[in-house]
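Residues per chain are reported as follows:
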Amino acid sequence: MLLLIPGPVMTHPDVRAAADRDIAPWDQAVREEIGDLLTRLRIMAGGVVDVHVAMPLPGSGHFIIEAAVRTFVPPEKDQGQGAGGGILIPASGQYAQRMMRLARAAARRVVELPVALDQPLDPAAVDAALAADPTITHLGMIYSETSTGIIHDPRAVGAVVHRHGRRMILDAVSAFGALPIDVAAHPEIDAMVFTANKCLESLPGFSLCVSPIARLLERRGHADSWSFDLADLYQNGLENGPGAARFTPPIQPMAALHTALDRLDAEGGPTVRLRRYQDNMAALYDGMVALGLQPCLPRALQGPIIMNVLAPQSDAWDLKLFVEALKRRGVLISNFRNTEAPSMRIGAIGAIGRTDIEQAVTAIGQTLDELGFRS
Ligand SMILES: *Cc1c(COP(=O)(O)O)cnc(C)c1O
């Protein structure tokens, strides 16, 4: 089955094979391996030794986003003592909404910034919102909005955040591994968060952040949670070694990431991987247009990770039925949509290339014919 979903993505058999063994997480050799893995990720993110640290947390991407929000954004209840904060979140799509939801559930004050869903985030809008409310301590932004397919610009937005003396939480979950990021060039970043199962082309089960050590030392005990306290996680690393876990970690997926990073290096690194994804997306975009379907974004705004394409205009259209019929031809796409109008959501990332995409386009065309959606 060819999975064209934006995570968990298709992986190479060697990556899955690396998880096919029993591993004792507490074993000293395993701890050292995990420590090496985290060093590799810190370097990949542009993090500086003794300034930045990469840390893993069990659970999916939402877990590390919640941990970053809880650890760094001061809770509303502190407001009385003048220490309260707030997080400004540009409403760029579903993933921005999810960040708002988990921040509110953690009793952090959320300031929603309405933005156009079909445009990259405007730094001037962030500038104005931060100027208008000096009590906002953080900006939470999505690098690659996996619901719209648009790539936003953390460099331009981060510069504004830095100029205002505020901090940033960057959701790079569907970006890291392909889109460029250099945390050393982002002094405003408190946490850059990602997972292993998207552009890193590894297995799901844990999430990661790269954060400045100085901030982790400042923020001890503020998370209102032990599980989600990144400052506590950092202290544990100081006491027991950087690869030590506080709770049983998903050690098999963690071991597999080593192999996935070897493959990323062999491919030529994130820049070369990004070019493959761009080529995949070009084939997908052209293919959808050739089938007579209408992409939701103009070509110039279409990012390389995922595309939304409008469904054929027909009262009989049923996405779940279509997805099941397409599956019988060996291709799996998302069975939910992220646009108001009926659409399909198709990923272009993972251990796949142009021929896989072309095969998928053919299968989509055949399925449209089979169900009578193409004349
Ligand atoms: C995938 C993703 C997440 C995390 O999703 P999980 O299902 O929790 O792993 C967060 N943000 C973005 C932009 C994503 O694409």
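Above this text is the structure in question.
Quick caveat: nothing in here was measured; it's all calculated off a predicted structure.

Caption draft 1: Molecular detail of the side chain of histidine 138. As for its placement among the helices and strands, histidine 138 is situated in strand β5 (residues 138-142). A polar side-chain atom of histidine 138 sits 2.9 Å from a polar atom in the side chain of threonine 137. The residues contacting histidine 138, other than those within four sequence positions of it, are Phe72, Val73, Pro74, Gly86, Ile87, Leu88, Arg167, Met168, Ile169, Asp190 and Arg215.

Caption draft 2: Structural context of empty space enclosed by the protein. A full pass over the atoms with the stated rule returns two cavities of 30 Å³ or more. Taken as a whole, the largest cavity holds about 140 Å³ of empty space. Taken together, 16 residues line the largest cavity, and the ones lying closest to its centre are Pro56, Pro58, Leu233, Ala245 and Pro249. At the level of elements, α2 (28-44) and β2 (52-58) are the ones that each hand at least two residues to the lining of the largest cavity. Of the residues forming the lining of the largest cavity, the biggest block, three residues, is contributed by β2.

Caption draft 3: Representation of unusual backbone geometry. Each neighbour pair has its own omega, and for glycine 7 with proline 8 the value is -5°, a cis peptide bond. Mapped onto the fold, proline 8 is located in the loop between β1 (2-3) and α1 (13-17). For aspartate 50, which is not glycine, the phi dihedral falls at a positive 65°. Within the fold, aspartate 50 resides in the loop between α2 and β2. Here alanine 107, not a glycine, exhibits a phi torsion of approximately 60°, which is positive. Mapped onto the elements of the fold, alanine 107 is located in the loop between α4 (94-105) and β4 (110-113).

Conventions used here
- Residue positions are given per chain, counting from 1 as you read along its sequence in written order.
- Local features in this predicted model are restricted to residues whose pLDDT is 70 or higher, and side-chain atom pairs enter the listing and the counts only when it is 80 or higher, whereas totals over whole chains, interfaces and linings include all residues.
- Side-chain numbers come from the whole structure's heavy atoms, not from hydrogens or water.
- Starting at the N terminus, helices and strands are each numbered in turn, a helix being any DSSP run of H or I of at least four residues and a strand any DSSP run of E of at least two.
- We call two N or O atoms a polar contact when they sit within 3.5 Å, provided that within protein one can donate a hydrogen and the other can accept it, with sequence-adjacent residues counted only if both atoms are side-chain atoms.
- We call two residues contacting when some pair of their heavy atoms lies within 4.5 Å.
- Here a cavity means grid points, on a 1 Å grid over the protein atoms only, where a 1.4 Å probe fits yet cannot get out; a pocket means an open set of points with protein on both sides within 12 Å along at least five of seven lines; lining residues are those with an atom within 4 Å of a point.
- Grid points are joined across faces, edges and corners, and a volume is the space filled by probe spheres set on the points.

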